[in-house]
Amino acid sequence: MLNTLERLQKVFRRVFDNDKLVINPKTSAKDINMWDSISHMELISEVEAEFKIVFSFDQVMEFNNAGDMLTVIELLLPNS
Amino acid sequence: MTFISPLFFLFISLVISINYFLPHRFRYVFILISSILFVGFYNIESLAAVILFSFFNYVLAKYIRNNKWLYLLGIIVNSAAIVMFNYFSTSSNGLIFSFTLINFQIDKFILALGLSFYSLQNIAYITEVYYNRLQPESTICKYFLYNMFFPKFISGPIILPGEFIPQIENNIITNDKLIRGFQLLLLGIFKKMVIADRIAPGVSSVFDYHSNYSGLTVLTASYLFTIQLYFDFSGYTNMALGISEMLGYNLKDNFNFPLRSSSVSEFWRRWHISLISWFTNYIYYPVVFRLRYYKKGAPLVGIFLTFFISMIWHGIGLTFLAWAVCHTVYLGFESLTRKSRAVLSDRFNNPFYKIVCVFIVFNLVCFSNVFFRSDSFETAIHLIKNIFSGFIPDSFLTGLINPIAVGGHQTDEFNIFITILLLSVFLIFERRIYKAALSEKINLKYIVLCVLLIMIFGVFNSGTRFIYMQF
C-alpha cells in the first residue's frame, strides 16, 4: 500500500513524464524544470483525480511546494 | 519632470535628504505630500484621477467583503478606467471641456498618467479584501500613498497592498539601503541614457521611414528595438527601485535577465515580472482553475484570455492584437510540446543547444515587437515583408550603418560603434554589473565608472520619455 507521498510522486512522474523523478515535501517548481504556471493546473487536476478530492482555489494558490500539497491532501482525504 | 530631468534629480535629492532626517512618524505623510506634488506637477487632471480612484476603492473595500455586487462594481469601474485610458490614448477624438474657473481637460483626466498601473493595483486590492485574504486599510493616507508613491506611480512595478502597506509602519533607512539605492539609481540612469537613448534614433529612423529600408537593416532595427525596450524599461525600474530603497521601501524587481531566456514561457517569467504576476494571479489561474478538467484545452484558453486582456491594457488596436496572438501561439506551442522539448533538452544538454534556444526565443520576441513598435498593422506587415526582400544591402555603409547611425557623418558612424560596443560589454557582464549595483558596501570602481560613462556617452538633450509611460 503506497503512502500519500508515494502516490503524489506517482502523479508527479506521470505529469512531468519522468519515471525517475523523486519528490520530497520541500520539492518546488525550482527543482522541476517543467513545473510552471502552465503545467501547474494539469498537476492539480491529476492530483485531484488520483486522490478523488477537490481543492479550493485558495488552497491551490497557497501551494509553494509538494509539502503544502501533501498537507491539504491529507486534510481532504476521507480517512484523515 | 521625467525621471531623467535635472528638476527630478533636484526633487529626489531634497525628498531623500529631508525624509532621512525626519522622525519616523512623519515620514509617510511627507512622502505622500511629495508624491502629490510629483503627480500634480505633471497635470492637475492626473492628480484628480488618482485621488478620485483611490478614494473610491478605499471606501468600497470597507463594505466589499462577501458582497458580490459591490465587488463587481469595483471590477467594472477599475476595468472601465483602463479601457477608457487605452481607448482615448488610441483615439484622436479626445473630449475637451473648459470650465470657467479652472481649465480642466476631460481627455487628460481620462488619460491620467499612471492610470492603468494603479487601476491594476486597485483591482488587486479589492479582490484580496473581497476574498478575505487581506484586511481593508484603515488609514486613508496610507492607502493614498500605496497608490501615489511617486517612484512607482508612472510605470510600476505593480505591487500588492500586502507587500507595500506594512512597509509604511516598518520603514527603516539604513546606510546599506542608501548605498544600494544610489548604485541602483546609477545603473538605471546608465541603461536609459547610455544605451536606450543612444539606440532610439536609429530604431525610429527605420520604423518611421519603413518604406526606405529592407532586409538586414529592418532586421537589425527590430533587434535594436527589443534591446531599447529592455534597457529603457529596466532602466526605469532600476531607478524606481533605487529611489524607493533610499526612502526605505523595497519594491519587487521587474526583470530577471529576460534576454537570456531559452523558452518564451521562461521569457515571460523574467520580463515585466510584476505585471505578469498580476495577470497570472488574477486572470490566468482563476480561469484555468475553473477549466482544469478540460486538460490541455484549459491552459490554451487561459493563455489566450490573459494575452487578450494584456492587449487591452497595452492598447486597443490591430498591432497589439497581433502582438498578443504571436505570444498566444508561442506559448500554446510550448504548452503542447512541453514533453518533447524536455526530451530534446536532455539529449542536447550542452551550451550550444542553450545558445540556439536563446537565439530563437530572442527572434520570436523581436518578431512580435515589430507589431508592438509599429504605428499601424500595415506598417508592421510592410516591415516584416521587407525583411525577406533584398536581405544583404548593396553597400553596408549607406544601406545598414547610416540608417542605424542616423546622420551619415563619420561622427554618427563612430557613435553607433561605441553604442554597440557598450551594449555588448554590458550584456556580457550584465550579471556582474547587477551584482555590483546591489552590493551593500560602497563600490567606488562601479560608481566612478557609471558616472564617467554617463557623463561621456549619455544622451542629455533627447527629452525622450520612458516607453512604458504610455501604458
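Only a predicted model underlies this, so the values are computations on that prediction, with no experimental measurement involved. (Residues numbered from 1 in each chain as written. Chains lettered and ligands numbered in written order. Predicted model: local features only at pLDDT ≥ 70, side-chain atom pairs only at ≥ 80, totals over all residues. Heavy atoms only, no water.)

**Here we look at empty space enclosed by the protein**
Then, number 1: Throughout the structure, instances matching the rule amount to four cavities of 30 Å³ or more.
Then, number 2: As a volume, the largest cavity reaches approximately 100 Å³.
Then, number 3: If you go around the largest cavity, the residues you meet are Ile38, Met41 and Glu42 of chain A together with Val288, Arg292, Lys295, Lys296, Ala298, Pro299, Ser335 and Arg338 of chain B.
Then, number 4: Counting residues per element, the ones that place at least two in the lining of the largest cavity are helix 2 (37-51) of chain A together with helix 14 (297-314) of chain B.
Then, number 5: Top contributing element to the lining of the largest cavity by residue count: helix 2 of chain A, with three residues.
Then, number 6: Its residues placed into classes, the lining of the largest cavity shows five nonpolar, one polar and five charged. (1 Å grid on protein atoms, 1.4 Å probe; cavity = no way out; pocket = protein on both sides within 12 Å on 5 of 7 lines; lining within 4 Å. Points joined across faces, edges and corners; volume = space filled by probe spheres on them. Helix = DSSP H or I, 4+ residues; strand = E, 2+ residues; numbered from the N terminus. Nonpolar A, V, L, I, M, F, W, Y, C, P; charged D, E, K, R; others polar.)

**Structural notes on the packing of aromatic side chains**
Residue and element names in this part refer to chain B.
Then, number 1: Overall, the coordinates contain 51 aromatic pairs over all chains when judged by the stated rule.
Then, number 2: Here the aromatic rings of Tyr71 and Tyr130 are separated by 4.2 Å at their centres, their planes lie at 5 degrees, and the arrangement is stacked. Within this pair, whereas Tyr71 is found in helix 4 (residues 68-90), its partner Tyr130 is found in helix 6 (residues 115-130), the two being separated by 59 residues in sequence.
Then, number 3: Tyr130 sits in the buried class, given a relative accessible area of 13%.
Then, number 4: Positioned above the aromatic ring of Phe289, the side-chain terminus of Arg292 is 3.8 Å from the ring centre.
Then, number 5: It is Arg431 that lies over the ring of Phe257; its NZ or CZ is 4.4 Å from the centre. (Phe/Tyr/Trp six-rings, centres within 6.5 Å; stacked < 30°, edge-to-face > 60°. Buried < 20%, exposed > 50% of the residue type's maximum accessible area, 1.4 Å probe, protein only. Lys NZ or Arg CZ within 6 Å of the ring centre and 35° of its normal.)

**Details of the interface of chain B and chain A**
Then, number 1: With 22 residues of chain B at the contact, the number on the chain A side is 23 residues.
Then, number 2: Interface area for chain B against chain A, summed over the two sides, is near 1900 Å², with a carbon-plus-sulfur share of 61%.
Then, number 3: Looking only at chain B, the three residues that lose the most surface to chain A are Tyr285, Phe289 and Arg338 of chain B, adding up to 34% of its buried area.
Then, number 4: Where chain B touches chain A, the interface holds four salt bridges.
Then, number 5: Across the pair Glu48 of chain A and Arg292 of chain B runs a salt bridge, and its minimum N-O distance is 2.7 Å.
Then, number 6: Among the elements of the structure, helix 12 (264-270), helix 13 (273-290), helix 14, helix 15 (318-336) and helix 16 (338-347) of chain B are those that each provide at least two residues to the side of chain B that touches chain A. (Contact = heavy atoms within 4.5 Å. Buried area = accessible area lost by both parts, 1.4 Å probe. Salt bridge = Lys/Arg side-chain N within 4 Å of Asp/Glu carboxyl O.)

**A closer look at the domain arrangement of chain B**
All names here are of chain B.
Then, number 1: Split by domain assignment, chain B resolves into domain 1 (6-171) and domain 2 (177-470).
Then, number 2: One C-alpha centre belongs to domain 1, the other to domain 2, and the line joining them spans 27 Å.
Then, number 3: Counting residues at the interface gives 42 residues for domain 1 and 31 residues for domain 2.
Then, number 4: Three residues stand out in domain 1 for area buried against domain 2, namely Ile16, Pro157 and Ile158, and they jointly supply 18% of the buried area on that side.
Then, number 5: Linking domain 1 to domain 2 there are one salt bridge.
Then, number 6: Across the pair Glu163 and Lys252 runs a salt bridge, and its minimum N-O distance is 3.3 Å.
Then, number 7: There are nine residue pairs in polar contact (both at pLDDT 80 or more) connecting domain 1 and domain 2. (Domains from an automatic or database assignment. Polar contact = N/O pair within 3.5 Å; in protein donor to acceptor, adjacent residues only side chain to side chain.)

**Quick word on the nonpolar core**
Across soluble globular proteins, nonpolar side chains show a tendency to be buried alongside one another.
Then, number 1: By size, the foremost hydrophobic cluster in this structure holds 158 residues, and its most contacted members are Leu8, Phe12, Phe55 and Met69 of chain A together with Phe164 of chain B.
Then, number 2: Here this core gets 18 residues from one element, more than from any other, and that element is helix 11 (residues 215-246) of chain B.
Then, number 3: Split by domain, the residues of this core number at least three in each of domain 1 (6-171) and domain 2 (177-470) of chain B.
Then, number 4: Apart from the residues lying within four places of it in its own chain, the contact partners of Phe12 of chain A are Asp17, Leu21, Ile23, Ile32, Trp35, Leu43, Ala66 and Met69 of chain A.
Then, number 5: Formed by twelve residues, the second largest nonpolar core is a distinct cluster that contains Ile82, Phe117, Ile123 and Trp278 of chain B. (Core = buried A, V, L, I, M, F, W, Y, C linked by side-chain atoms within 4.5 Å.)

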